[in-house]
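The chain contents come next:
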Amino acid sequence: MTEAVYPQCRIVPARFLNPETVEALLNRILEVGGIRKLILNGPRLPTTVPYGPARGLPNPHQMRRVIHAGDQDVELQVQVGTILIELEDRSFIEPIRKACDEVFTKFPYGFSEGKFMKTQATVSDYAKYGPDADEVMLGTTDPKSRKGPMIIQGTK
């Protein structure tokens, strides 16, 4: 893999986040701006039970909700445990850290800078997007998902 040209950071809360906390954090981060790519990681919340005696039945889960991020509604398909962010430049790192400090008041979180996202196409990226994939989409593929990634339009 090539070196990341854009700075990346990872936010790791001490626990899984409720949809209300995810919504508050995303809105604070989107206010800061400078986001190229943002990935919410965590265990999937399937709409139907995938295995066992209840296979195929609806799977009601209180953490699978629609939240309002930026100017659009986003359905949470994972229980958020880690947030990966790729930024336009390093000047946005401190404002994002301050946004995290404002949202995470009741529990600790980790904030680290480094390289956390793929910068070259993987086999999953190639299978999902083809050989001429947009570089912004690299590393955002969930091979089990039948839907593509959610794109929140920025101000650019």
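Scroll up for the structure.
The rules we used
Counting starts from 1 at the beginning of each chain's written sequence and moves along it residue by residue. Only residues with pLDDT of 70 or above have their local features reported here, since the model is predicted, and side-chain atom pairs are shown and tallied only from 80 upward, although totals for entire chains, interfaces and linings are computed over all residues. Calculated side-chain values reflect all of the structure's heavy atoms, with hydrogen atoms and water omitted. Helix numbering and strand numbering both begin at the N terminus, where a helix is a DSSP run of H or I of at least 4 residues and a strand a DSSP run of E of at least 2. Any two residues whose heavy atoms approach within 4.5 Å are treated as being in contact. Calculation of accessible area relied on Shrake-Rupley with a 1.4 Å probe; when residues are assessed, cover is drawn exclusively from the protein chains displayed. Only protein chains enter the calculation, and the probe is 1.4 Å; a residue is then buried if its accessible area is under 20% of its type maximum, exposed if over 50%, and partly exposed in between. The arc in question is formed by the directions pointing from the helix axis toward the C-beta atoms. Throughout, nonpolar core names a set of buried Ala, Val, Leu, Ile, Met, Phe, Trp, Tyr and Cys residues whose side chains join them through atoms within 4.5 Å.

Undergrad: Mind laying out the overall build of the protein chain, listing which residues take part and the relevant values?
TA: The helix and strand inventory of the protein chain stands at three helices and six strands. The contacts in the protein chain between residues at least 6 apart in sequence include a share of 71% that link residues at least 24 apart. Surface summary for the protein chain: the accessible area is close to 9,700 Å², and the carbon and sulfur share equals 52%.

Undergrad: How would you summarise helix α2 (residues 93-103) if you had to cite specific residues and measurements?
TA: Within an α-helix, residues lying three or four positions from one another point in the same direction, as the helix has 3.6 residues per turn. Within α2, burial applies to Ile93, Ile96, Ala99, Cys100 and Val103. Down the axis of α2, the smallest arc covering the buried residues is 120°, so these residues share one side. The secondary structure elements touched by the buried residues of α2 are β1 (8-13), α1 (19-32), β2 (35-41), β5 (82-87) and β6 (109-114).

Undergrad: So what about the nonpolar core? Which residues, and what values?
TA: In terms of nonpolar packing, the biggest core is built from 23 residues, with Ile11, Ile85, Ile96 and Phe104 touching the most fellow members. Listed by contribution, the elements that provide at least two residues to this core are β1, α1, β3 (66-69), β5 and α2. Here Ile11 is in contact with Ile29, Gly81, Thr82, Ile83, Ile85, Ile96, Cys100, Phe104, Tyr109, Gly110 and Phe111, once residues within four sequence places are set aside.

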